[in-house]
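# Summary of the model geometry
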Amino acid sequence: MTHAGIRPSSHPFPDLHGHGLRLRPWDPDSAADVDAWFRGRTDPEFRRWNTPLRITTDLDSARDSLRDAARNSAEGASAPYCVTDATTGAPLGHIGVNVINPVMNSARVGYWVLPEARGRRVATHALSLVARWTLTEPDGMGLHRLELDHAVGHDSSCRIAERCGFRSEGTLRGAMWEAGRHDAYRDMHLHARLAQDPDVDV
């Protein structure tokens, strides 16, 4: 039995389509996917704003990280997507629905875009697709609340959130690690969108 429309963990998450994008599962056995994941997670702009629990250092650690993501997806704990060009299939970045809570009917979303794909509104369009799927589409996740947070100072992420209808809800003090460290903390801005909030045309 599941709560309020959240898919059971045995049900695969669907591909999502729109805005010239295809969002599909990452494949840990694909050399192209491992390379894209490695480049995204080692990009200086990613590292400036994000400090994962496990730092990606080489292709082997990238593959291990992708396998962890696939396991979490199979268990229903997260829905990690490779954002690709709908025409060419080229990987453009990542968006993931994380910390899925079937009791509170909520989750958290995060994303990054590869350097060569920036400036094309990839993150905005991917976030719009995921927000609709998780919150309002009949065959979606049926969530009540989708949260988005980012390090204070990450202004581009703030603009993307607001453009997609994620209202600012304040500052979380000392809520994420400093860049490249697991022993120091920095503040985050919290945004959220509810199922009953108006949809936004991006």
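Structure first, text after, so check above.
Because the structure is predicted, anything quoted here is derived from the model rather than measured. (Residues numbered from 1 in each chain as written. Predicted model: local features only at pLDDT ≥ 70, side-chain atom pairs only at ≥ 80, totals over all residues. Heavy atoms only, no water.)

The biggest cluster of nonpolar side chains holds 34 residues, and the ones touching the most others in it are Leu23, Ile95, Val97, Leu127, Leu146 and Phe166. Counting only elements with at least two residues in this core, the list comes to strand S2 (21-25), strand S3 (79-85), strand S4 (91-101), strand S5 (106-113), helix H4 (122-135), strand S6 (145-151) and helix H5 (155-163). For leucine 23, the contacting residues outside a window of four places in its chain are Pro14, Asp15, Leu16, Tyr81, Cys82, Val83, Ile95, Ala126, Leu129 and Val130. Of all hydrophobic cores here, the second largest spans ten residues; its members include Val34, Ala36, Phe46 and Cys82. (Core = buried A, V, L, I, M, F, W, Y, C linked by side-chain atoms within 4.5 Å. Buried < 20%, exposed > 50% of the residue type's maximum accessible area, 1.4 Å probe, protein only. Helix = DSSP H or I, 4+ residues; strand = E, 2+ residues; numbered from the N terminus. Contact = heavy atoms within 4.5 Å.)

The next point concerns helix H1 (residues 31-42). When the terminal C-alpha atoms of H1 are compared, their 16 Å separation across twelve residues agrees well with the 16 Å that a helix rising 1.5 Å per residue should span. Within the span of H1, buried status applies to Asp33, Val34, Ala36, Trp37, Gly40 and Arg41. Down the axis of H1, the smallest arc covering the buried residues is 165°, so these residues share one side. Against the buried residues of H1 lie S2, helix H2 (44-49), helix H3 (59-74), S4 and S5. (Expected span 1.5 Å × (residues − 1). Arc of directions from axis to C-beta.)

This brings us to the packing of aromatic side chains. Scanning all chains against the criterion turns up six aromatic pairs. Between phenylalanine 13 and tryptophan 133 the ring centres are 5.9 Å apart and the planes differ by 90°, which places this aromatic pair in the edge-to-face class. Of the two residues, phenylalanine 13 is situated in the segment before strand S1 (16-18) and tryptophan 133 in helix H4; the sequence distance between them amounts to 120 residues. Of the two residues, phenylalanine 13 and tryptophan 133, both sit in the buried class. Aromatic rings pair up to connect Trp26, Trp37, Phe46 and Trp112 into one cluster. (Phe/Tyr/Trp six-rings, centres within 6.5 Å; stacked < 30°, edge-to-face > 60°.)

Tallying each qualifying case throughout the model produces 18 salt bridges. Residues arginine 145 and glutamate 169 are paired through a salt bridge, measuring 2.6 Å at the closest nitrogen-oxygen approach. Residue arginine 145 is located in strand S6, and its partner glutamate 169 is located in strand S7 (residues 167-177); the two are separated by 24 residues in the primary sequence. (Salt bridge = Lys/Arg side-chain N within 4 Å of Asp/Glu carboxyl O.)

Helix length check: H4 (14 residues) gives 20 Å between terminal C-alpha atoms against 20 Å at 1.5 Å per residue, within 8%. The buried count for H4 comes to 14 of 14 residues, which makes it a mostly enclosed element.

Right, let's talk about the layout of surface pockets for a bit. Its volume calculated, the largest pocket comes out at about 1,500 Å³. Lining the largest pocket are 50 residues, and of these Phe46, Asn50, Gly110, Tyr111 and Trp112 sit closest to its centre. Examining the composition of the lining of the largest pocket, we find that six residues originate from one element, S5, more than from any other. Residues that form the lining of the largest pocket fall into these classes: 24 nonpolar, 15 polar and eleven charged. (1 Å grid on protein atoms, 1.4 Å probe; cavity = no way out; pocket = protein on both sides within 12 Å on 5 of 7 lines; lining within 4 Å. Points joined across faces, edges and corners; volume = space filled by probe spheres on them. Nonpolar A, V, L, I, M, F, W, Y, C, P; charged D, E, K, R; others polar.)

A few words now on the environment of arginine 41. Here arginine 41 lies in helix H1. When its relative accessible area of 14% is taken as the criterion, arginine 41 is described as buried. Every residue in contact with arginine 41, bar those within four places of it in the chain, is listed here: Phe46, Arg47, Pro52, Arg54, Thr56, Ser65 and Trp112. Within polar-contact distance, the side chain of arginine 41 engages the backbone oxygen of arginine 54 at 3.3 Å. (Polar contact = N/O pair within 3.5 Å; in protein donor to acceptor, adjacent residues only side chain to side chain.)

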